[in-house]
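Observations on the model geometry
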Amino acid sequence: MYETQDNQLNFGMIGLGTMGRNLLLNMAEHGLPVAGYDKDPDKVKLLGEEGRGVPVHGFETLEAMIQSLKTPKVVMMLVPAGKIVDSVISDLRPLLSPGDIIIDGGNSHFTDTIQRDIELEKIGLHFFGMGISGGEEGARKGPSMMPGGDREAYEFVKPVLDKIAAHVDSEPCVTYIGPGASGHFVKMVHNGIEYGIMQLIAETYELLSKGLQLPDAEIHDLFKQWNEGRLQSFLIEITSDIFAYKENGADHLLLHDIKDQARAKGTGKWTSQVAYDLQTPINVIDTAVSLRDLSKYKSMRVQAATLYGDTLPQLTVINKQDFLTNLEQAFYFSMMVTYSQGMHLLYQASAEYKYDLRLHEIAKISVGVVLSVLNS
């Protein structure tokens, strides 16, 4: 493990799960001396194992990690949204001094971020919320980041964020979103858009599998072909991969062993709730949220299937190729509708909450991380 003396490390991370650990390793691999802490000693140990040869140091106590940081101390939290965030902030407050910076990199509800900002400003601590997109691979190789809130704090950490972000045409996929909780708000809507697109993929699969009764290999080839055209995206790419993935020694796709139930962390639901508050229709996202909730009622769906059947009649298609061409066009149109509804919600929220969002910049960093992941 990297050896360090007190007050030498540039950045501290609380929460060494998949996202926190990979983001910290990303920083270390860019030459930034960094520190990590987690209540789970196994996660601290894993950080040390994966961080051999780079300037990363894991700590088993929060106090020791904070002591290792340069002043002003910069600490990011990547922990589950809700009460855990408030608990971590409570633990941090007596260990930090006025001028130090706390970043919430999780998917906190934007109203919670507003309240935390107010409370921390009273004691002289800088705070901002930052959405992080790109998943595990993005965190390690280059995420898209959406910081919003304390502008002074953002400018201080901007050089670090620019280094570790995904880059497209030499431009980092990170930009200052706006004041208040705008960073977390934009990430919330970003996730809502993903809900919509994932539901479109699911419905497309049902048409292909149950309607046309295409074999998995042919569905794999179709999504692979689509990903080479205008539908190119990380979600389409991994969908193609799913229809070719088997576990070692298995004679069937892993897909068919996965239970058809989806969990949710809340961001899709929050997107719908805010849209209703702002009287802004986002029906694609709303439907996706409802159907994800419906998936949880597995026993009820099984019971209904015994009464009404669970198979769709095979589609009568005169020309399969024409049908697939039309399906691609329908998917593209629906995807554009989903993005348009999400961007319209951001436009309405910007006016209502005085975020002054630069929608063209937001669109650029969102698309940029997709391109970066595909090209890595």
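Refer to the structure printed above.
The structure displayed is predicted, hence computed values, not measured ones.

So, helix α5 (residues 110-122)
Over its 13 residues, α5 runs 19 Å from end to end, which matches the ideal 18 Å to within 8%, given 1.5 Å per residue. Of all the positions in α5, only F110, T113, R116 and L120 are classed as buried. Projected down its long axis, α5 shows its buried positions confined to an angular sector of 110°, all on one face. Looking at the buried residues of α5, the elements they touch are α4 (83-92), β5 (101-104), β6 (126-133), α8 (182-211), α11 (267-277) and α14 (320-353). G124 sits one or two positions beyond α5 and adopts a positive phi of about 85°.

A few points about the environment of K70
Mapping K70 onto the fold places it in the loop between α3 (62-67) and β4 (74-77). Put simply, K70 and L9 are 61 residues apart on the chain and 5.7 Å apart in space, counted from C-alpha to C-alpha. A distance of 3.2 Å separates a polar atom in the side chain of K70 from a polar atom in the side chain of N10.

A word on the sheet that holds strand β7 (residues 144-149)
Strand order in the open sheet formed by seven strands is β3-β2-β1-β4-β5-β6-β7, with mixed pairing between adjacent strands. Edge strands, defined here as strands with exactly one partner in the open sheet, are β3 (56-59) and β7. Neighbour to neighbour, the strand axes of the sheet diverge by 25° on average, direction disregarded. Where β5 lies against β6, four bridges are found, and the strand directions are parallel. Of the residues in β6, the one forming a bridge with I101 is H126. Lying on the sheet, α8 is in contact with β5, β6 and β7; it crosses β6 at an angle near 20°.

Comments concerning the packing of aromatic side chains
Across all of its chains, the model carries ten aromatic pairs by this definition. A ring pair is formed by Y205 and F243, whose centres lie 5.2 Å apart and whose planes are at 40°; its orientation type is tilted. Separated by 38 residues along the polypeptide, Y205 in helix α8 and F243 in the loop between α10 (234-242) and α11 bring together distant segments of the chain. Here the aromatic residues Y205, F223, W226, F243 and F331 are joined through ring pairs into a cluster of three or more. The side chain of R151 reaches across the aromatic face of Y176, ending 4.2 Å from its centre. Here R292 stacks its cationic end above the ring of Y195, 3.9 Å away from the centre of that ring.

Observations concerning the side chain of T267
On the secondary structure map, T267 appears in helix α11. Under the relative-accessibility criterion, T267 is labelled buried at 4%. Among the polar contacts made by the side chain of T267, one reaches the side chain of N191 at a distance of 3.2 Å. If sequence neighbours within four positions are ignored, T267 has contacts with N107, M188, N191 and Y195.

Some points on a nonpolar patch on the surface
A cluster of nonpolar residues, L291, L294, Y297 and M300, forms a patch on the protein surface that exposes about 390 Å² of accessible area. Relative to the elements of secondary structure, Y297 occurs in the loop between α12 (283-295) and α13 (298-308).

Procedures and definitions
Residues numbered from 1 in each chain as written. Predicted model: local features only at pLDDT ≥ 70, side-chain atom pairs only at ≥ 80, totals over all residues. Heavy atoms only, no water. Helix = DSSP H or I, 4+ residues; strand = E, 2+ residues; numbered from the N terminus. Expected span 1.5 Å × (residues − 1). Buried < 20%, exposed > 50% of the residue type's maximum accessible area, 1.4 Å probe, protein only. Arc of directions from axis to C-beta. Contact = heavy atoms within 4.5 Å. Polar contact = N/O pair within 3.5 Å; in protein donor to acceptor, adjacent residues only side chain to side chain. Pairing = 2+ DSSP bridges. Axes fitted to C-alpha atoms, helices over the stretch in contact; angles between N-to-C directions. Phe/Tyr/Trp six-rings, centres within 6.5 Å; stacked < 30°, edge-to-face > 60°. Lys NZ or Arg CZ within 6 Å of the ring centre and 35° of its normal. Patch = residues over 30% accessible without salt bridge, like charges linked within 9 Å, V, L, I, M, F, W, Y side chains within 5 Å. Areas by Shrake-Rupley, 256 points an atom, 1.4 Å probe, with all protein chains shown as cover. Salt bridge = Lys/Arg side-chain N within 4 Å of Asp/Glu carboxyl O.

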